[in-house]
Amino acid sequence: MPQQSQIEYFHGFGQSTGADAYVFAPETPEQILEVFELARSLGKSVSFAGARRSYGSPMMTSEGLVISLRNFDTIGPIEDDSVLVGGGVTLSQLWQAVAPLGYWPNVVSGTSKITVAGAIAMNIHGKNAFKLGNIGEHVSEISLVSPAQQGRDLDAIGSMGLFGAIVSARLDLQRIESASVSVTARAPRTWGEHLQLFDEFASQSDYMVSWVDLHHRAGRGLFHAAEYSNSGSPLTARQSRESPLFGVVPRDQAWLMLKALNNPALTKGLNAAKYLSGKILAGNKAHAQTLAEFNFLLDALPGWERAYANGLVQFQAFVPSERAESVFVELQDLQFRHRIVSSLGVLKKHRASPQVLPYAVYGYSLALDFGKTRGLELLCQEMAEAVIAGGGRFYLAKDSTLTADQYQRSLPDGAFAEFRQLKQKYDPENILQSIQSRHLGLT
Amino acid sequence: MNPTRAIVIGGTSGIGLEIVRQLTDRGAKVAVVGRDFSELGEFNVIQKLHDVKDTDAIPQVFLDLTDQLGGLDLFVYSAGVMPLMQPSEFDTPKDLEIISVNVSGAVAWMNQAASRFYGAQHGCLIAIGSVAGDRGRAGQPVYNASKAFVHTYTESLRNRLARRGVSVITVKPGPTRTRMTAYHDQSKMMDPAVAASKVLRLIGRQGEFYLNPVHALVGFVFRHIPGWLMRRIRI
Ligand SMILES: Cc1cc2nc3c(=O)[nH]c(=O)nc-3n(C[C@H](O)[C@H](O)[C@H](O)COP(=O)(O)OP(=O)(O)OC[C@H]3O[C@@H](n4cnc5c(N)ncnc54)[C@H](O)[C@@H]3O)c2cc1C
């Protein structure tokens, strides 16, 4: 293997599948093409890795070549409320660069540790998906380096690294007056109440999200809606919480404490405690939070995923509005029947967003976290059947359990054929592959 | 750690062959590298005909094998030669042959494995040294020195790799009933299958290991025999 590569062990955020691969960090588009050439000569496949925050294996190929675009890390000046950024820039670097100038990225995910290229390749959504759709709708230009061609191309939105390298992209930004949002909390007691709250708050809110206690049969939880506020925190790049947790535990070690606490009885208790404390706090009065705190709640506890000793699996189902409640209830029933109940459920409202292999629908998504245990894969596959029967879809950034057949059945008619056509255009030799794409029959 | 993908250099006879047998019994995928596969029998392993003296070929062979295995968890260097040597014999070609198999081949192969494990930050590397490497005895000057080389070299590798989460094990078998010792009385020697199972039990650990407590004790005494005495006794 040539000098500039180093073998590395890879795993996705869920830490469940891992593989070794040769990692390259090219500095120019020409060097990316050289890696494609090398792959051809060795008969190996190539995949792209961003910050490896996807749960499964879309960013790795066992014993293959993995390209990291970490050297493509420039952030250009803001022009016409948009900014040209390198594919390797993280959302955290991006917001810290633009917030002091009075801007915020239109779409961000629940963690800021991901790269812009990873965000576009998966077509991420935020807590404002009901309003702004996925990130792809806010990208006006992508420069793509593919095995077969190079140029500007928006086809790469949602392409999961299978069409080529996203070297840079132009992202639209929101203007903000302050770095604060004003947050309203409610304590829904049932699945139905959650969905009603989403509908009730949709027109007046910029962001909405709901946490669900899966241990509770009726599906109680906590709903948050937020609006940009024109007063509040000044526009600075420092909004993160770095103070020790409860004044004593350093935040980067908090996962150790979580790990000690992580057992089913306790998660059940914590869910109940969270509901009750939230219910008390959820008066009618709105409270202020910074944009970073509100959007990147999970980043406040770095390494929390390590609290799941055997790794973490997330199951996220996107279900059309009419069927959402009944499908979510069915997913909960299945968990009770298998005696494996999710430790954390998160609901969001969505609208459809155009991309190859679409996942978003007019409806809701439910994201369920599970510590990896025996029987979980079977449960996830049964839940997937319920989702498919309800006309729902899956988001591959979170997947590690679907079968190829399930994934392909969940796609809208013609989507798979369209993907095949584009794949043929950008990568006719099928050099770009990942463990996931192979498993799901995409490559 | 239960290795699922292993390469065994010199896995066609002796302790290496037994290691291959036991690994495949456990369901591991094994690539065997050697010069003569006649003893291997009906094994479902990847066979690679290769002479470790051909050091230029090693990087490509290593790449091909890791590719076919789909990764690597365990690497064993078990190739070694010990030609019969007369007390008055000083035969340079014969000595250089020992060095090229026991030393140069070992370095060329283990560098590949070490560099991979260093990057991947997981794996286990096992080198077969020998009690014979503990002291320079009259009978086998270059064989003794070659095993001492293996001990010191793998100690260095261990000091580099342990901090990367990689286990590096130097095994010091005593006399074992293999082809290498065929011209000695083998009645009291350790069975290679026993040696192999003891070796495999060490996976995941760090350090130098004798395979039986008597060897450990003898080794200890041996290392402390003063030079003047070594010159007089016949061992
Ligand atoms: C705690 C947490 C919260 C999350 N919350 C959300 C959320 O709210 N909404 C949401 O949508 N997602 C969410 N995610 C998922 C995450 O946003 C996506 O998985 C995202 O794609 C990760 O980006 P990454 O940079 O880590 O890319 P990786 O995970 O490394 O790669 C993702 C995909 O992008 C491709 N890729 C990476 N770089 C390039 C490139 N330069 N060119 C072409 N393709 C490339 C890879 O091949 C792969 O297919 C969350 C994940 C975590 C861990």
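Quick caveat, the model's predicted, so the values are computed rather than measured. (Residues numbered from 1 in each chain as written. Chains lettered and ligands numbered in written order. Predicted model: local features only at pLDDT ≥ 70, side-chain atom pairs only at ≥ 80, totals over all residues. Heavy atoms only, no water.)

(A) Structural context of the confidence of the model for chain B. Mean pLDDT over chain B: 93, with 100% of residues reaching 70 or higher. Both scores are available for the predicted complex, with the pTM at 0.90 and the ipTM at 0.81. (pLDDT = per-residue confidence, 0-100.)

(B) Quick look at the sheet that holds strand β2 (residues 18–24) of chain A. Pairing in this open sheet of four strands is mixed, and the strands run β1-β2-β4-β3 (chain A) from one edge to the other. If you trace the sheet from one side to the other, it starts and ends with β1 (6–11) and β3 (46–49) of chain A, each paired once. Put simply, the sheet's adjacent strands are angled 45° from each other on average, direction ignored. Judged from the three bridges that link them, β2 of chain A and strand β4 (residues 65–68) of chain A form a sheet pairing that is parallel. Each bridged residue has a counterpart across the sheet, and for Phe24 of chain A the counterpart in β4 of chain A is Ile67 of chain A. Helix-sheet contacts for helix α3 (residues 92–120) of chain B involve β1 and β2 of chain A, and the interaxial angle to β1 of chain A is about 40°. (Pairing = 2+ DSSP bridges. Helix = DSSP H or I, 4+ residues; strand = E, 2+ residues; numbered from the N terminus. Axes fitted to C-alpha atoms, helices over the stretch in contact; angles between N-to-C directions. Contact = heavy atoms within 4.5 Å.)

(C) Fine view of the side chain of Asn128 of chain A. Residue and element names in this part refer to chain A. Note that Asn128 resides in the loop between α3 (116–122) and α4 (129–132). A distance of 2.8 Å separates a polar atom in the side chain of Asn128 from the backbone oxygen of Asn106. Residues within four places of Asn128 in sequence aside, it is in contact with Asn106, Val107, Gly133, Asp206 and Tyr207. (Polar contact = N/O pair within 3.5 Å; in protein donor to acceptor, adjacent residues only side chain to side chain.)

(D) Spatial organisation of unusual backbone geometry. All names here are of chain A. Unusually for a residue other than glycine, Arg339 sits at a positive phi of about 55°. Summarising the element assignment, Arg339 is placed in the loop between α9 (321–338) and β16 (344–350). Judged by relative accessible area, Arg339 falls into the exposed class, the value being 76%. At Leu357, a position not held by glycine, the phi torsion is positive, near 50°. Note that Leu357 resides in the loop between β16 and β17 (363–371). (Buried < 20%, exposed > 50% of the residue type's maximum accessible area, 1.4 Å probe, protein only.)

(E) The nonpolar core, seen in detail. If you look at the biggest cluster of nonpolar residues, it comprises 97 residues, and the most contacted ones within it are Trp104, Phe315 and Leu331 of chain A. The element best represented in this core is helix α10 (residues 376–389) of chain A, accounting for eight residues. Each of domain 1 (75–177) and domain 2 (180–408) of chain A contributes no fewer than three residues to this core. Residues within four places of Phe315 of chain A in sequence aside, it is in contact with Leu331, Leu366, Ala367, Leu368, Phe370, Cys380, Met383, Ala384, Val387, Phe394 and Thr401 of chain A. Listed in part, the 35 residues of the second largest apolar core include Val33, Leu72, Ala106 and Met110 of chain B. (Core = buried A, V, L, I, M, F, W, Y, C linked by side-chain atoms within 4.5 Å. Domains from an automatic or database assignment.)

(F) Fine view of the sheet that holds strand β13 (residues 221–228) of chain A. All names here are of chain A. Sheet architecture is open: eight strands sit in the order β14-β11-β13-β12-β16-β17-β15-β18, paired in antiparallel fashion. In the strand order of this sheet, the two ends are held by β14 (287–290) and β18 (393–394), each with one partner. Here β16 runs beside β17; their pairing, made up of seven bridges, is antiparallel. In the sheet register, Leu344 faces β17, and the bridge partner there is Asp369. Against the sheet, helix α5 (residues 191–201) makes contact with β11 (180–186), β12 (207–212), β13, β16 and β17, and its axis sits at roughly 175° relative to β12, the strand it touches most. Set on the sheet, α10 makes contact with β15 (312–320), β17 and β18; between it and β15 the angle comes to about 10°.

(G) View of the pattern of salt bridges. Overall, the coordinates contain 30 salt bridges over all chains when judged by the stated rule. A salt bridge links Asp199 of chain A to Lys349 of chain A; the nearest nitrogen and oxygen atoms lie 3.0 Å apart. With a gap of 150 residues between them, Asp199 of chain A in helix α5 and Lys349 of chain A in strand β16 connect regions that are remote in the sequence. We classify Asp199 of chain A as partly exposed; its relative accessible area is 45%. Glu39 of chain B is paired through a salt bridge with Arg179 of chain B; the nearest N and O atoms lie 3.0 Å apart. Taken together, the residues span a long stretch of sequence, with Glu39 of chain B in the loop between β2 (29–34) and β3 (46–49) and Arg179 of chain B in the loop between β6 (167–172) and α5 (192–201) at a distance of 140 residues. (Salt bridge = Lys/Arg side-chain N within 4 Å of Asp/Glu carboxyl O.)

(H) How the structure looks around the site of the ligand. Residue and element names in this part refer to chain A. Around the ligand, 34 residues are found, and the nearest of them are Phe48, Arg53, Ser54, Thr115 and Tyr395. Between an oxygen atom of the ligand and a main-chain N or O atom of Pro58, the distance comes to 3.3 Å. For the ligand, an oxygen atom lies 2.7 Å from a polar atom in the side chain of Tyr395. Within the residue set of the shell around the ligand, elements represented by two or more residues are β3, α3 and β10 (165–175). Here the element with the most residues in the shell around the ligand is α3; it accounts for four residues. For the shell around the ligand, the per-class residue count stands at 20 nonpolar, 10 polar and four charged. Mapping the shell around the ligand onto the domain boundaries places at least three of its residues in each of domain 1 (75–177) and domain 2 (180–408). (Near = heavy atom within 4 Å. Nonpolar A, V, L, I, M, F, W, Y, C, P; charged D, E, K, R; others polar.)

(I) Structural context of the domain arrangement of chain A. Residue and element names in this part refer to chain A. Domains assigned within chain A are domain 1 (75–177) and domain 2 (180–408). Every contact between the two is made by 35 residues of domain 1 and, on the other side, 39 residues of domain 2. For the pair domain 1 and domain 2, the summed buried surface comes to about 3200 Å²; carbon and sulfur atoms form 57% of the total. Where domain 1 touches domain 2, the interface holds two salt bridges. (Buried area = accessible area lost by both parts, 1.4 Å probe.)

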